[in-house]
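So you can see what is in the structure, the chains are spelled out below.
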Amino acid sequence: MKAAVECRLCPRRCRLEHGQRGDCRVRMNIDGELKTLVYGNPCAVHVDPIEKKPLFHVLPGTGAFSLATAGCNLHCKFCQNWQISQRPPEETRNTTLPPEAVVSEALRTGCRSVAYTYSDPVIFYEYMTDTSRLAKEHRLLNLMITAGYIEKEPLIDLCPLIHAANVDLKGITEDYYRRMCDGTLATVLDAIRVMHDRGVWVELTNLLVPTWNDRPEDIRPLCRWIRDHLGPDVPLHFSRFWPMFQLKNLPPTPRRTLDLAYTIGREEGLHYVYVGNFPGHPGNNTHCPKDGRLLIRRYGLAILENHLKDGACPSCGTPVPGIWRIE
Amino acid sequence: MNPGPRRRERVFTGLLLTGLFLFAGALTENVRQLLERTTPDTEQEDNSGRVLERLHAAGISPHEARYWRRLEGGPS
């Protein structure tokens, strides 16, 4: 009789007998030991502008060597990457790229960072941590793009390796997380606080899904939570929904909803509110929270102007928080 | 002889069958996705050799995972 195991990486705590996989599809009990099936086998590897993550306060205009493996520990109905996130690794086209190769490729392509992204890097934790350690030694930043659905212990161990994270705060009610993502909100809020408190530069993304989380009574509490628990300097990206995966019946987020969210974010005192997936929206830009001066002008993911001087407003000298250079 | 009713019948039957095929296809895909999620790849009866063989054939080399514990009494 081979022993059963309990995975303690994410709050699902899957209990697995020999041959069974976790809910993420990539962690498996083999002979009474838990194994990951995706170490060194990404199915998506790209050089992206860092703005695509989105991380607007980290080395603007630089490339991020971005990778993902198959699998995910959430099952969001709107997932943009469902072809890889909701598939086991046998069903994706993978490449062999051990941590050393990730770092050398990132350096060769002139990237300043490695981004663990697309699906959710929580499920390729071991691959991410080993790569991060190596990347850090080579003065590359480590970026984690995640839903934050992870247990506290592995997250605390990970924080010293991660420079910046964009956490997808999908909604602000447990009901939304349960119905839309098959997850829990409290865990995500805890994870955001842990990362923020441990010095990881955190930006948040909220996807505005028509009829699901796009009312002022959905948006305002989310902004308040950020302001009250993290402070007004944490950037919030409102992202435009596009019909996808299991929500093809819904329309894209209308412009007026994005405008409304942007206004609410500012009304609630957040200093850096952005609108994403909508090129040309004024919410693509960064302004000084003190004198309102335009600091970084963007069109979608492209940087058109960058007036920051040593990470501060050139007019009034107000520092803009973020990572503007590699120490 | 008026072929109208019989042709209409054939068209109707054709449409009905097409609809049924589409419905069955959608249902199968949904059930497959559901099964994939609720009973992920159960190979309990399999021996480890065959599990590894199948994974290797797919180009997958299992690697030691962190953050887990062995359950003494089996999963509940």
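Here's a quick rundown of the structure. (Residues numbered from 1 in each chain as written. Chains lettered and ligands numbered in written order. Predicted model: local features only at pLDDT ≥ 70, side-chain atom pairs only at ≥ 80, totals over all residues. Heavy atoms only, no water.)

Focus on the packing of aromatic side chains
Residues and elements named next belong to chain A. With the rule as written, the count across this model stands at six aromatic pairs over all chains. Taking the centre distance of 4.8 Å and the plane angle of 70° together, the rings of Phe 56 and Tyr 274 count as edge-to-face. Of this pair, Phe 56 sits in the loop between strand E5 (44–49) and strand E6 (63–68) while Tyr 274 sits in strand E12 (residues 273–276); the two residues are 218 residues apart in sequence, bridging distant segments of the chain. Accessibility classification places Phe 56 together with Tyr 274 in one group, the buried group. Their ring planes at 75° and their centres at 6.3 Å tell us that Tyr 176 and Trp 212 sit as a pair that is edge-to-face. Highlighted residues: Tyr 176 in helix H5 (residues 174–181) and Trp 212 in the loop between strand E10 (201–208) and helix H7 (216–229), separated in sequence by 36 residues. Put simply, the rings of Tyr 39, Phe 124 and Tyr 127 pair up and form one aromatic cluster. For Arg 298, the ring lying beneath its charged end belongs to Phe 56, and the centroid distance is 3.9 Å. (Phe/Tyr/Trp six-rings, centres within 6.5 Å; stacked < 30°, edge-to-face > 60°. Helix = DSSP H or I, 4+ residues; strand = E, 2+ residues; numbered from the N terminus. Buried < 20%, exposed > 50% of the residue type's maximum accessible area, 1.4 Å probe, protein only. Lys NZ or Arg CZ within 6 Å of the ring centre and 35° of its normal.)

Examining unusual backbone geometry
Following A:Lys53, the chain continues to A:Pro54 via a peptide bond in cis, the omega torsion being -10°. Locating A:Pro54 in the fold gives a position in the loop between E5 and E6. With a phi close to 60°, A:Asp31 is a non-glycine residue in the positive phi region. Inspection of the secondary structure puts A:Asp31 in the loop between strand E3 (27–30) and strand E4 (33–36). At B:Tyr67, a position not held by glycine, the phi torsion is positive, near 60°. Here B:Tyr67 is to be found in the loop between strand E1 (63–64) and strand E2 (68–71). On the basis of relative accessible area, B:Tyr67 is assigned to the buried category, the value being 17%.

A look at the interface of chain B and chain A
How big an interface is tends to be reported as the loss of accessible area on association of its parts. Counting residues at the interface gives 33 residues for chain B, matched by 45 residues for chain A. In total, chain B and chain A occlude about 3,400 Å² of area from one another, counting both sides; carbon and sulfur atoms represent 51% of this. At the junction of chain B with chain A, the criterion picks out four salt bridges. Across the salt bridge formed by B:Arg69 and A:Glu6, the nearest N and O atoms sit 2.9 Å from each other. Across the contact surface, chain B and chain A share 12 residue pairs in polar contact (both at pLDDT 80 or more). (Contact = heavy atoms within 4.5 Å. Buried area = accessible area lost by both parts, 1.4 Å probe. Salt bridge = Lys/Arg side-chain N within 4 Å of Asp/Glu carboxyl O. Polar contact = N/O pair within 3.5 Å; in protein donor to acceptor, adjacent residues only side chain to side chain.)

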